[in-house]
Amino acid sequence: MAESKIFERLKADHDRHRDLLARIDATHGDSPEREQLFEAFRVEVTAHAASEELSLYATMMGKPDLREDAQHSASEHKEIDEMLTELFEMDFASTGWLTRFRTMKHRYLHHIDEEEEEMFPAAEDGLTQARKKEIAAIFAREKPKEKAKAAEEAPSSADERD
């Protein structure tokens, strides 16, 4: 059933994130495109991370052999979130912004590669179809709420960053 394919859903989100990161990296200066793409990425990644923690990571925390992986990934979410906040507050036109963005991009790509290659297979092992369906339902229910919350929490314009 499509609704029980939690790992495919998470990977599809990651693919969208990879695309946004590449598009942001191709922008120049303090352009409206850079700001719009960055804001789309910030909202999407914030919602994805929160929903992933409430669904998959919560399940993993209940399994002693997976707890450390879940804690590690949650700490990486926090690190990425802090970097996104820092980037949002910086001058989008500065070379420092692009340098910091590329550092965040590298960390995030490492994080999602690690999830897909190591954590997801380990987490999927031993999960019943019913539990995968429950996790997928939690993720699907929480992500729109988290996305709305992330969008509301951001300043509404670049002028508010200063």
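First, a word on scope: everything that follows refers to the structure included in this document. Everything quoted here is computed from the prediction, not taken from an experiment.

About the thresholds
- Residues numbered from 1 in each chain as written.
- Predicted model: local features only at pLDDT ≥ 70, side-chain atom pairs only at ≥ 80, totals over all residues.
- Heavy atoms only, no water.
- Helix = DSSP H or I, 4+ residues; strand = E, 2+ residues; numbered from the N terminus.
- Rg over C-alpha atoms; globule rule 2.2 N^0.38 Å.
- Buried < 20%, exposed > 50% of the residue type's maximum accessible area, 1.4 Å probe, protein only.
- Contact = heavy atoms within 4.5 Å.
- Areas by Shrake-Rupley, 256 points an atom, 1.4 Å probe, with all protein chains shown as cover.
- Lys, Arg positive; Asp, Glu negative; His and termini not counted.
- Charge placed at Lys NZ, Arg CZ, Asp CG, Glu CD.
- Core = buried A, V, L, I, M, F, W, Y, C linked by side-chain atoms within 4.5 Å.
- Expected span 1.5 Å × (residues − 1).
- Bend = angle between axes of the 7 residues up to and from the residue.
- Axes fitted to C-alpha atoms, helices over the stretch in contact; angles between N-to-C directions.
- Parallel < 35°, antiparallel > 145°, perpendicular 65-115°, else oblique.
- Left-handed = near helix turned anticlockwise from the far one by under 90°.
- Nonpolar A, V, L, I, M, F, W, Y, C, P; charged D, E, K, R; others polar.
- Phe/Tyr/Trp six-rings, centres within 6.5 Å; stacked < 30°, edge-to-face > 60°.
- Lys NZ or Arg CZ within 6 Å of the ring centre and 35° of its normal.
- Salt bridge = Lys/Arg side-chain N within 4 Å of Asp/Glu carboxyl O.

For the rest of this paragraph, the subject is the overall build of the protein chain. Secondary structure assignment for the protein chain yields five helices and zero strands. Counted from the first residue to the last, the protein chain has its helices and strands arranged as α-α-α-α-α. Against the compact-globule benchmark of 15 Å for 162 residues, the protein chain has a radius of gyration of 16 Å, which places it among compact chains. Overall, the protein chain is about 50 × 25 × 20 Å in size when its C-alpha atoms are taken along their principal axes. Here the protein chain holds 162 residues, and 43% of them are scored as buried. A separation of at least 24 residues holds for 79% of the contacts in the protein chain among residues at least 6 apart in sequence. As displayed, the protein chain offers around 8400 Å² of accessible surface, 51% of which is attributable to carbon and sulfur atoms. Taking the average place of the 24 positive charges on the side chains of the protein chain and the average place of its 39 negative ones, the gap between the two points comes to 4 Å.

This part covers the side chain of Thr59. Looking at the element boundaries, Thr59 is found in helix H2 (residues 32–61). Leaving out residues up to four positions away in the same chain, Thr59 has contacts with Leu127, Arg131 and Ile135.

So, on to the nonpolar core. Ranked by size, the top nonpolar core spans 19 residues in total, and within it Phe38, Phe41, Trp97, Phe101, Met104 and Tyr108 carry the most contacts. Here this core takes six residues from helix H4 (residues 95–124), the largest share from any one element. Counting residues in hydrophobic clusters, the runner-up holds 15 residues, among them Leu56, Met60, Leu66 and Ile135.

Okay, helix H5 (residues 129–153) next. With 25 residues, H5 should cover 36 Å at 1.5 Å per step; its first-to-last C-alpha distance of 36 Å lies within 8% of that length. The axis of H5 is deflected most strongly, by about 30°, at Glu142, and proline Pro144 appears within four residues downstream. Regarding H5, the residues found buried are Lys132, Ile135, Ala136, Ile138, Phe139, Glu142, Lys143, Glu146 and Ala150. Contacts made by the buried residues of H5 are with helix H1 (6–25), H2 and H4.

Quick look at the packing of H2 against H4 now. Interhelical geometry of H2 versus H4 gives an angle of 30° and a closest axis separation of 13 Å. Accordingly, the angle class assigned to the pair H2 and H4 is roughly parallel. Read as a crossing pair, H2 and H4 show a hand that is left-handed. In this structure, H2 uses Arg34, Phe38, Phe41, Val45, His48, Glu52, Leu56, Tyr57 and Met60 to contact H4, whose residues at the interface are Trp97, Leu98, Met104, Tyr108, His111, Glu115, Met119, Phe120 and Ala123. Residues belonging to the contact of H2 with H4 are distributed by class as follows: 13 nonpolar, two polar and three charged.

Let us now look at the packing of aromatic side chains. Overall, the coordinates contain six aromatic pairs when judged by the stated rule. A ring pair is formed by Phe38 and Trp97, whose centres lie 5.6 Å apart and whose planes are at 75°; its orientation type is edge-to-face. Residue Phe38 is located in helix H2, and its partner Trp97 is located in helix H4; the two are separated by 59 residues in the primary sequence. Residue classification places Trp97 among the buried positions, given a relative accessible area of 0%. Taken together through their ring pairs, the aromatic side chains of Phe38, Phe92, Trp97 and Phe101 make up a single cluster. Here the guanidinium or amino end of Arg42 rests over the ring plane of Phe88, the centre of that ring lying 6.0 Å away.

Right, let's talk about the pattern of salt bridges for a bit. With the rule as written, the count across this model stands at 20 salt bridges. Note that Lys105 is salt-bridged to Asp25, the shortest N-O span being 2.8 Å. One end of the pair, Lys105, is in helix H4; the other, Asp25, is in helix H1, and 80 residues separate them in sequence. On the accessibility criterion, Asp25 (18% relative accessible area) is buried. Through salt bridges with shared partners, a single network forms among Asp13, Arg16, Glu44, Lys143 and Lys147.

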